[in-house]
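Listed below are the residues making up each chain.
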Amino acid sequence: MADSRTFRSNTLRLAVAVALAGPGVPQAAFGAEGLEEIIVTAQRREESLQDTPVFVTPLQTEDLANREIRNTEDLMNNVAGISGFTNPGARGATSLTIRGVSAGSAANLSTDPAVGLYYDGVYIGKMLASSLDVAEMERMEVMRGPQGSLYGRNATAGAVSWITRKPSGEAGLRATAGYGDYNEMYVKINGDLPAFGEVGEGLGRLALAAGYQMRQRDGLVENDSRGPDFDEIDRSSWRVAAKWQPIDSVTADYSYDRSDLDEVGPLQQVTGFTVLDAAGTDRLQFLRTRVLGTAQFFATMPGADPRIASRWIPSINQTIGAYQNAVDRGRDRQDRGVVDFVPVNDTWNDGHTLNVDWEAGDLGVLGEVTFKSITGYRQFETFVGGDLEDIDSTMTNGIGAYNDLVHLTLLQIYGATVAAGFPPVASPVVNNLWNFIDTLGTNHSFQNSSTEYSQFSQELQMIGSTEQINYLFGALYFSDDGESRRHAYFAAPCRDSPSKDTRTAPTAWRSTPTARIAPRRSTTVWS
């Protein structure tokens, strides 16, 4: 099958949030006296975790290092209530499930995720390259449950926010490295330069920082066919950041980051076979009796196509042997395997982020007000290719373990000739089929998929606070453009469908008020 899809979309969303001042709902894990105060931005403003009425799990710098959390995929084993899966054929594409609500298929460019992903405040529109490593994170915040009031419609299950480390302005170098089994190597280097200038003088104060990290590991499963071993790791990421403060009340943070993944995927092991039809016909038994027996009968008929005896029957036996080997092997994980095409994944993801904060100060009845601008541009490309099973269908002199659909098609074509009263001869129809087999091969699965995606977003926020009320006004413009091309076949190498183009360009307006009234205790009202 060949499938090509293209889309463009533009979204403009307005959001208003209001909260009356009052005591927040303390997080039990951090409510004890004497514990260090944890600052979070789950409600789009810096506040103590104890005063935040949102179920948020903060992961500080030490937490990320101790648990080896480098991307969203690592959250599944480290945060309660989060599960999900990484697409086996597309490394770097991870779908998270929070409180039982799945984000959807991570490898599908047409899917809007139900879990909101944010990188320094910039919304990540797709999950296809969401689990690539980040060069240096300061913290992560995981919010469970619907977050639509502050994070939009694509946060039904929750939201995950990455916050990267900002330049400190003080000279310093941080480096870690590690080595493990299967020649696993890990290197992470981050550094800051001393700041240039002074706040409020001339051009102000400028601080710069940069970071790089790399992970590599040999494959875990040996490849008995040609090519590298399966399930290797080869990832790198780097980031440069600048922090500019012309005056005390204005801060501009810019960063550029890039992540690369160039890996051999895991061995996709066959552990069983579906039934052949609705009647429950056993696929392996059908090949042994009906297909092999009929082919042997056809070969004995006068005038029969000589390829029945020389190619088809030996190939049936090889298919039966390959299927039986998979059944005998069972579900135990193998330490070696073979493929016709090594599964590969090549993905890169980069982006520019510019956050500008202006602390406007006391504006009368509006109270203390801060204006924020969050600008982001991101893009990624992915390529995925290779087998999705471990049945060796390599042909030698035209003989190999054909997939069973090829055998059924040959059975149908030769059978139709015999049913018409003629021997199973080399008709034009069967000749075309054999030509297809020689040209395309007969392996059971193959994919060759590529995706290109880019997005731009601009968000403006007005965050205010008086003695009685905390409020937030915001407007977001989001536009993205993506195209995917998929050329794949699964047990049907003799058919290829024409390309399909799909374009969408929805526009939406959104305004959602929220209120939290708390004269004595905190109560949350969602509307």
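Residues numbered from 1 in each chain as written. Predicted model: local features only at pLDDT ≥ 70, side-chain atom pairs only at ≥ 80, totals over all residues. Heavy atoms only, no water.

(A) Spotlight on the packing of helix α3 (residues 283-299) against helix α5 (residues 404-419). For the pair α3 and α5, interaxial distance at closest approach is 11 Å and the crossing angle is 40°. Classified by chirality, the crossing of α5 by α3 is left-handed. Contacts between α3 and α5 involve R283, F286, L287, R290, V291, T294 and F298 from the first element and D404, H407, L408, L411, Y414, G415 and V418 from the second. Residue composition of the contact of α3 with α5, by class: eight nonpolar, three polar and three charged. (Axes fitted to C-alpha atoms, helices over the stretch in contact; angles between N-to-C directions. Helix = DSSP H or I, 4+ residues; strand = E, 2+ residues; numbered from the N terminus. Left-handed = near helix turned anticlockwise from the far one by under 90°. Contact = heavy atoms within 4.5 Å. Nonpolar A, V, L, I, M, F, W, Y, C, P; charged D, E, K, R; others polar.)

(B) Looking closely at a negative patch on the surface. Among the surface-exposed residues, D248, E359, D362 and E368 lie close enough to one another that they form a single negatively charged patch. Mapped onto the elements of the fold, E359 is located in strand β19 (residues 344-362). (Patch = residues over 30% accessible without salt bridge, like charges linked within 9 Å, V, L, I, M, F, W, Y side chains within 5 Å. Areas by Shrake-Rupley, 256 points an atom, 1.4 Å probe, with all protein chains shown as cover. Salt bridge = Lys/Arg side-chain N within 4 Å of Asp/Glu carboxyl O. Lys, Arg positive; Asp, Glu negative; His and termini not counted. Charge placed at Lys NZ, Arg CZ, Asp CG, Glu CD.)

(C) Broad picture of the packing of aromatic side chains. Enumeration according to the criterion identifies 12 aromatic pairs in this entry. For the ring pair Y119 and W162, a centre distance of 5.9 Å and an interplane angle of 80° mean the geometry is edge-to-face. On the criterion of sequence distance, the pair formed by Y119 in strand β8 (residues 115-119) and W162 in strand β11 (residues 158-164) is long-range, its members being 43 residues apart. Each member of the pair Y119 and W162 is classed as buried. (Phe/Tyr/Trp six-rings, centres within 6.5 Å; stacked < 30°, edge-to-face > 60°. Buried < 20%, exposed > 50% of the residue type's maximum accessible area, 1.4 Å probe, protein only.)

(D) Quick look at the pattern of salt bridges. Applying the stated criterion across every chain yields a total of 22 salt bridges. With a shortest N-O distance of 3.0 Å, R215 and D133 are connected by a salt bridge. With R215 in strand β14 (residues 205-217) and D133 in the loop between β9 (122-124) and β10 (137-144), the pair connects residues that are 82 residues apart, well separated along the chain. Grouping residues by exposure puts R215 and D133 together as buried. A salt bridge links D231 to R217, with the nearest nitrogen and oxygen atoms 3.7 Å apart. Of the two residues, D231 sits in the loop between β15 (222-223) and β16 (233-247) while R217 sits in strand β14, which places them 14 residues apart along the sequence. The same class applies to D231 as to R217, namely buried. Connected via shared salt-bridge partners are R91, D133, R215, R217, D231, R235 and E263.

(E) Local environment of unusual backbone geometry. Even without being a glycine, D120 presents a positive backbone phi close to 50°. Within the element layout of this structure, D120 appears in the loop between β8 and β9. For D120, a relative accessible area of 8% corresponds to the buried category. One non-glycine residue, N183, lies in positive phi territory at about 55°. Of note, N183 is situated in the loop between β12 (172-180) and β13 (184-192). Residue classification places N183 among the partly exposed residues on the basis of a relative accessible area of 39%.

(F) Geometry of the side chain of N443. Within the secondary structure layout, N443 lies in the loop between α6 (428-440) and β21 (445-465). The exposure class assigned to N443 is buried, which follows from its relative accessible area of 4%. Here S445 takes part through its backbone oxygen, which lies 2.9 Å from a polar atom of the side chain of N443. Apart from residues no more than four positions distant in its own chain, N443 is found in contact with D340, F341, D387, S393, N403 and Y489. (Polar contact = N/O pair within 3.5 Å; in protein donor to acceptor, adjacent residues only side chain to side chain.)

(G) Molecular detail of the environment of A114. Mapped onto the fold, A114 is located in the loop between β7 (101-102) and β8. Judged by relative accessible area, which is 16%, A114 ranks as buried. Remark: the alpha-carbon pair of A114 and G158, spanning 44 residues in sequence, is separated by 7.5 Å. Each residue touching A114, except ones within four places of it in the same chain, is listed here: V101, S102, A103, N154, A155, T156, A157 and G158.

(H) Summary view of the pairing of β8. Of all the five residues making up β8, five are buried; the element is thus mostly covered by neighbouring parts of the structure. The side-chain alternation of β8 yields two buried faces, one formed by V115, L117 and Y119 and the other by G116 and Y118. Sheet topology note: the β8/β11 ladder contains five bridges and is parallel. Residue L117 lies in a different strand from β11, and its bridge partner there is V160. For β8 and β9, the ladder comprises three bridges, and the chain directions are antiparallel. Among the inter-strand pairings, Y119 is bridged to a residue of β9, identified as V122. Counting the residues between successive antiparallel strands, the hairpin from β8 to β9 contains two residues, one of them, D120, with a positive phi of roughly 50°. (Pairing = 2+ DSSP bridges.)

(I) Molecular detail of the pairing of β19. The sheet contact formed by strand β17 (residues 250-264) and β19 spans 15 bridges and is antiparallel. Bridge pairing in β19 links D253 to N355. Direction of pairing for β19 relative to strand β20 (residues 368-386): antiparallel, over a ladder of 18 bridges. Its bridge partner lying in β20, N349 is registered against F380. As consecutive antiparallel partners, β19 and β20 are separated by five residues, and within that stretch G364 has a phi angle of approximately 70°, a positive value.

(J) The arrangement of the sheet that holds strand β4 (residues 56-59) in detail. If you walk across this open sheet you meet the five strands as β4-β10-β11-β8-β9, and the pairing is mixed. At either end of the open sheet lies a strand with only one pairing partner, and these are β4 and β9. Between one strand axis and the next, the sheet turns through 20° on average, direction left out of account.

(K) Expanded view of a nonpolar patch on the surface. On the surface, L193, F196, L203, L206 and W244 cluster together to form a nonpolar patch covering roughly 520 Å² of accessible area. Take L206: it is sitting in strand β14. Judged by relative accessible area, which is 31%, L206 ranks as partly exposed.

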